[in-house]
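Descriptive analysis of the structure
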Amino acid sequence: DTEVTQTPKHLVMGMTNKKSLKCEQHMGHRAMYWYKQKAKKPPELMFVYSYEKLSINESVPSRFSPECPNSSLLNLHLHALQPEDSALYLCASSQDRATSYTGELFFGEGSRLTVL
Amino acid sequence: DQQVKQNSPSLSVQEGRISILNCDYTNSMFDYFLWYKKYPAEGPTFLISISSIKDKNEDGRFTVFLNKSAKHLSLHIVPSQPGDSAVYFCAASTSGTYKYIFGTGTRLKVLA
């Protein structure tokens, strides 16, 4: 099973709403990632969790709040977003990079977010 | 500062011919490289990877070449098929870290 599952696939929210994006993987990976991708741009790293602890925060605004409830689940809580936050949000997982020389990133299909 | 660059935004190739996608990087600490294929509104799909201890890796129709001295890698697709039409991203990483840096992508169109 090499699948990363993201829900919802599409989300429309107003600037005052609170919503969450969810991600699940069952590959036994201990690292999970959130990336943001705008049209015609490469994916940009937002957060990395390693062994359920936040390992990297790429100076992401606090209106994005990640959470890793267990090794298989990753959430991204959204609050008071701006229209410019509209993008495709990608979840990914990989083997533990600290102990593995290699480690492909496996991506989910993404959650398309529109902020009105 | 774009550490990973794909200088060709687009490429058109005839079906059955070879597609060559190029990628350059600037950070000499990168030692692991990957290629991804992406369709619109979908997540990137892993294609093939190579570590810096090798200069070539093959998987079916896909071959990746790494030239460490030139800080350059390329993806060869032979033979190209219409279903290969997508955006291709290269990515680079340093072993032991969780940062994968992606290039800007090349849109490949394979003409039937």
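My aim in this report is to walk through the structure given alongside it, one point at a time. Throughout this description, residue numbers start from 1 for each chain and increase along the sequence as written. The naming scheme follows written order: chains are lettered A onward, ligands numbered 1 onward. Only residues with pLDDT of at least 70 get local features here, since the model is predicted, and only at 80 or more are side-chain atom pairs given and counted; chain-wide, interface and lining totals rely on the full set of residues. Computation of side-chain values: all heavy atoms of the structure, hydrogens and water removed.

Bringing the packing of aromatic side chains into the picture now. Aromatic pairing here means that ring centres of Phe, Tyr or Trp (its six-membered ring) are within 6.5 Å. Orientation follows from the plane angle: under 30 degrees is stacked, over 60 is edge-to-face, and everything else is tilted. Counted according to the given criterion, the structure contains 14 aromatic pairs over all chains. Taken together through their ring pairs, the aromatic side chains of Tyr33, Tyr35, Phe106 and Phe107 of chain A together with Tyr36, Phe46, Phe89, Tyr98, Tyr100 and Phe102 of chain B make up a single cluster.

What follows deals with the sheet that holds strand E1 (residues 4-7) of chain A. Residue and element names in this part refer to chain A. The pairing criterion is simple: DSSP has to find at least two bridges between the two strands. Elements are defined by DSSP. Helices are runs of H or I of four residues or more, strands are runs of E of two residues or more, and each kind is numbered from the N terminus. Within the open sheet, the four strands sit side by side as E1-E3-E8-E7. Their pairing is antiparallel. Across the chains shown, the open sheet's two edge strands, defined by having one partner strand only, are E1 and strand E7 (64-70). Between one strand axis and the next, the sheet turns through 20 degrees on average, direction left out of account. Both E1 and strand E3 (residues 18-25) contribute to a ladder of four bridges, which runs antiparallel. In the sheet register, Gln6 faces E3, and the bridge partner there is Cys23. Working convention: axes come from line fits to C-alpha atoms, limited for helices to the stretch in contact. Angles between N-to-C directions cover 0 to 180 degrees.

What follows covers the pattern of salt bridges. The rule for a salt bridge is simple: a side-chain nitrogen of Lys or Arg has to be within 4 Å of a carboxyl oxygen of Asp or Glu. Enumeration according to the criterion identifies five salt bridges over all chains in this entry. Measuring nitrogen to oxygen at the nearest pair gives 3.1 Å for the salt bridge that ties Lys99 of chain B to Glu58 of chain A. Of the two residues, Lys99 of chain B sits in the loop between strand E9 (86-93) and strand E10 (100-102) while Glu58 of chain A sits in the loop between strand E6 (53-57) and E7, which places them in two different chains. With a shortest N-O distance of 2.8 Å, Asp84 of chain B and Arg61 of chain B are connected by a salt bridge. Of this pair, Asp84 of chain B sits in the loop between strand E8 (72-77) and E9 while Arg61 of chain B sits in the loop between strand E6 (56-59) and strand E7 (62-67), placing them 23 residues apart in sequence.

This next bit is on the state of the cysteines. Residue and element names in this part refer to chain A. Disulfides are defined as cysteine sulfur pairs within 2.5 Å. Within this structure, the stated rule accounts for two disulfides over all chains. One disulfide in the model links Cys23 with Cys91; its S-S distance is 1.9 Å. Note on the Cys23 and Cys91 pair: the S-S dihedral is about -75 degrees, so by sign convention the disulfide is left-handed. With a gap of 68 residues between them, Cys23 in strand E3 and Cys91 in strand E9 (residues 87-94) connect regions that are remote in the sequence. Here Cys23 and Cys91 have matching classes, each one buried. We note that Cys68 lacks a disulfide partner, and the nearest cysteine sulfur, in Cys91, lies 9.2 Å from it. Using a relative accessible area of 12% as the deciding quantity, one classes Cys68 as buried. Remark: exposure states derive from per-residue accessible area (1.4 Å probe, protein chains only) relative to the maximum for the residue type, with buried under 20%, exposed over 50%, and partly exposed in between.

This part covers the sheet that holds E6 of chain B. All names here are of chain B. Strand order in the open sheet formed by five strands is E1-E3-E8-E7-E6, with antiparallel pairing between adjacent strands. At either margin of the open sheet sits one strand with a lone partner, and together these are strand E1 (4-5) and E6. As defined by bridge partners, E7 adjoins E8 across six bridges and the pair is classed as antiparallel. When the bridges of E8 are listed, Phe65 appears paired with Ser74.

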